[in-house]
Amino acid sequence: MANMDKDKRDLAKAKTVYETGEIITTKVYKVSPKQKEGLDRLSVERLERLREEALPKIHERYEQMIRSRQQHPKNDDVALGNR
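Draft legend 1. Layout of the overall build of the protein chain. On a plain count of helices and strands, the protein chain comes out with three helices and zero strands. Counted from the first residue to the last, the protein chain has its helices and strands arranged as α-α-α. A burial count over the protein chain gives 5% of its 83 residues as buried. Only carbon and sulfur atoms are counted for the fraction: they give 56% of the accessible area of the protein chain, which is about 8,300 Å².

Structural data, given as structure tokens:
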């Protein structure tokens, strides 16, 4: 049982990291102004693309959570301490 729980946790963690699409930054020295402008543009484009990809996934997860709460309202009340 413990292995199944660990596998589920690992899968959820991997899925979360994949869906969020983190941007990795590092310091770069001796870059010409023209190169810097190009890199900045690429960074902005990448950030916009990640946001466009993330928003539908976030919306879908939110809708799933709402549907789940509508199907099981008493479980939420107990979890929140409302009896």
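Draft legend 2. Quick peek at a nonpolar patch on the surface. Nonpolar side chains collect at one region of the surface, where Val 31, Leu 39 and Leu 42 lie side by side and expose about 230 Å² of accessible area between them. Within the fold, Leu 39 resides in helix α2 (residues 33–71).

Draft legend 3. Broad picture of the pattern of salt bridges. Within the structure shown, the criterion is met by two salt bridges. Taking the shortest distance from any N to any O, the salt bridge between Lys 36 and Asp 40 comes out at 2.9 Å. With Lys 36 and Asp 40 both in helix α2 and four residues apart, this pair spans about one turn of that helix. Among the residues examined, Lys 36 registers a relative accessible area of 46% and is labelled partly exposed. Note that Glu 45 and Arg 41 form a salt bridge whose closest N and O atoms lie 3.7 Å from each other. Of this pair, Glu 45 and Arg 41 both sit in helix α2, four residues apart, which is roughly one turn of the helix. For Glu 45, a relative accessible area of 41% puts it in the partly exposed group.

Draft legend 4. Just the confidence of the model for the protein chain, in detail. For the protein chain, the mean per-residue pLDDT works out to 77, and 69% of the residues sit at or above 70. The least confident element of the protein chain is helix α3 (residues 73–79), whose mean pLDDT is 58; the most confident is α2, at 90.

Draft legend 5. Geometry of the environment of Val 31. Examined against the element boundaries, Val 31 turns out to sit in the loop between α1 (2–20) and α2. On the basis of relative accessible area, Val 31 is assigned to the partly exposed category, the value being 30%. Each residue touching Val 31, except ones within four places of it in the same chain, is listed here: Lys 36 and Leu 39.

Draft legend 6. Focus on α2. End to end, α2 covers 57 Å across 39 residues, agreeing with the expected 57 Å (1.5 Å per residue, within 8%). Within the span of α2, buried status applies to Gly 38, Leu 50 and Ala 54.

What counts and how
- Residues numbered from 1 in each chain as written.
- Predicted model: local features only at pLDDT ≥ 70, side-chain atom pairs only at ≥ 80, totals over all residues.
- Heavy atoms only, no water.
- Helix = DSSP H or I, 4+ residues; strand = E, 2+ residues; numbered from the N terminus.
- Buried < 20%, exposed > 50% of the residue type's maximum accessible area, 1.4 Å probe, protein only.
- Areas by Shrake-Rupley, 256 points an atom, 1.4 Å probe, with all protein chains shown as cover.
- Patch = residues over 30% accessible without salt bridge, like charges linked within 9 Å, V, L, I, M, F, W, Y side chains within 5 Å.
- Salt bridge = Lys/Arg side-chain N within 4 Å of Asp/Glu carboxyl O.
- pLDDT = per-residue confidence, 0-100.
- Contact = heavy atoms within 4.5 Å.
- Expected span 1.5 Å × (residues − 1).

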